[in-house]
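# Notes for the structure review
Below, each chain spelled out in residue letters.
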Amino acid sequence: MSDLNIDLDEVEDFLPLPKGTYKLAAEHWEKKESKNNNTYISVQYTVMEPVDYENRKLWENFTLSQNFAVVRIKRWVKATGQTPEILNEDQMDQLMDKPFYALVGIEKELYPYPPQNRIKDFLIPKDLDGSDKSASQDNSTSSDPVSVESYENFQARMKQESEDGFDDEIPF
């Protein structure tokens, strides 16, 4: 006989996360080859905040032959507070478990697949985005990329940016 015995009333149906700003960290990455012989990097992220969605997973594939995908990796590096350098295995390993903020949206349903979440943008801390040169030249000893502003101000700014700059019509 089979030892299959699952109480389906206890199984949670995972609907997509609501659109918004989330604190994430990459948990795992892997370099792969597509059926068309394109090299890509597959990444699994874990939600850290808000607590209601803690430990939920998101995935993304970056096709390395597409400039757009490499630009997204560069934004991800900056969002973690690191300086983009050479993209290699060491750089990818350094991105693991580094928290960052991202705008998460919902891709529309493409039959037969249900709607799913997608990282719309990686949010770069204010002192790393290039708009404030004096902040990026700060010689303080703090390694916290958000130390120039309070955590509360950073969260408020990220929320405002997500409300102001989030475009559901972006086709990715």
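Turning to the layout of surface pockets, a few remarks are in order. Within this model, the largest pocket holds a volume of roughly 290 Å³. Lining the largest pocket, in full, are Phe-14, Leu-15, Pro-16, Leu-17, Arg-56, Lys-57, Leu-58, Trp-59, Pro-114, Pro-115, Gln-116 and Asn-117. Every element with two or more residues in the lining of the largest pocket is listed here: β3 (57-63) and β5 (116-123). A total of three residues in the lining of the largest pocket trace back to one element, the largest contributor, which is β3. Here the lining of the largest pocket is built from residues that sort into eight nonpolar, two polar and two charged.

Now for the sheet that holds strand β1 (residues 20-33). Across the sheet, five strands lie side by side as β3-β2-β1-β4-β5; this open sheet has antiparallel pairing. Only two strands of the sheet have a single partner each, and these edge strands are β3 and β5. Going across the sheet, the axis of each strand differs from the next one's by a mean of 45°, ignoring polarity. Across six bridges, β1 lies against strand β4 (residues 99-107) in antiparallel orientation. For Gly-20, the partnering residue across the bridge sits in β4 and is Val-104. Together, β1, β2 (39-49), β3, β4 and β5 form the strand contacts of helix α1 (residues 67-79), whose direction differs from that of β5 by roughly 65°.

Working note: non-glycine residues mostly have negative phi, and peptide bonds are mostly trans. For the bond running from Glu-49 to Pro-50, omega is 0°, close enough to zero to count as cis. Its identity as a non-glycine residue notwithstanding, Asn-37 has a phi of 65°, on the positive side. Here Asn-37 falls in the exposed class, since its relative accessible area comes to 62%. With a phi angle near 65°, Asp-97 is a residue other than glycine that sits in the positive phi range. Relative to the elements of secondary structure, Asp-97 occurs in the loop between α2 (89-95) and β4.

A few words on the nonpolar core. Most often, soluble globular proteins keep nonpolar side chains buried together rather than apart. Within the largest apolar cluster, 24 residues are counted, with the highest numbers of intra-cluster contacts made by Leu-24, Val-43, Tyr-45, Phe-62, Trp-76, Phe-100 and Phe-122. When contributions to this core are tallied by element, the ones reaching two or more residues are β1, β2, β3, α1, α2, β4 and β5. With five residues, α1 is the single largest residue contributor to this core. Not counting residues up to four positions away in its chain, the partners in contact with Phe-122 are Tyr-45, Glu-60, Phe-62, Arg-72, Arg-75, Trp-76, Ala-79, Phe-100, Tyr-101 and Ala-102.

Parameters at a glance
- Residues numbered from 1 in each chain as written.
- Predicted model: local features only at pLDDT ≥ 70, side-chain atom pairs only at ≥ 80, totals over all residues.
- Heavy atoms only, no water.
- 1 Å grid on protein atoms, 1.4 Å probe; cavity = no way out; pocket = protein on both sides within 12 Å on 5 of 7 lines; lining within 4 Å.
- Points joined across faces, edges and corners; volume = space filled by probe spheres on them.
- Helix = DSSP H or I, 4+ residues; strand = E, 2+ residues; numbered from the N terminus.
- Nonpolar A, V, L, I, M, F, W, Y, C, P; charged D, E, K, R; others polar.
- Pairing = 2+ DSSP bridges.
- Axes fitted to C-alpha atoms, helices over the stretch in contact; angles between N-to-C directions.
- Contact = heavy atoms within 4.5 Å.
- Buried < 20%, exposed > 50% of the residue type's maximum accessible area, 1.4 Å probe, protein only.
- Core = buried A, V, L, I, M, F, W, Y, C linked by side-chain atoms within 4.5 Å.

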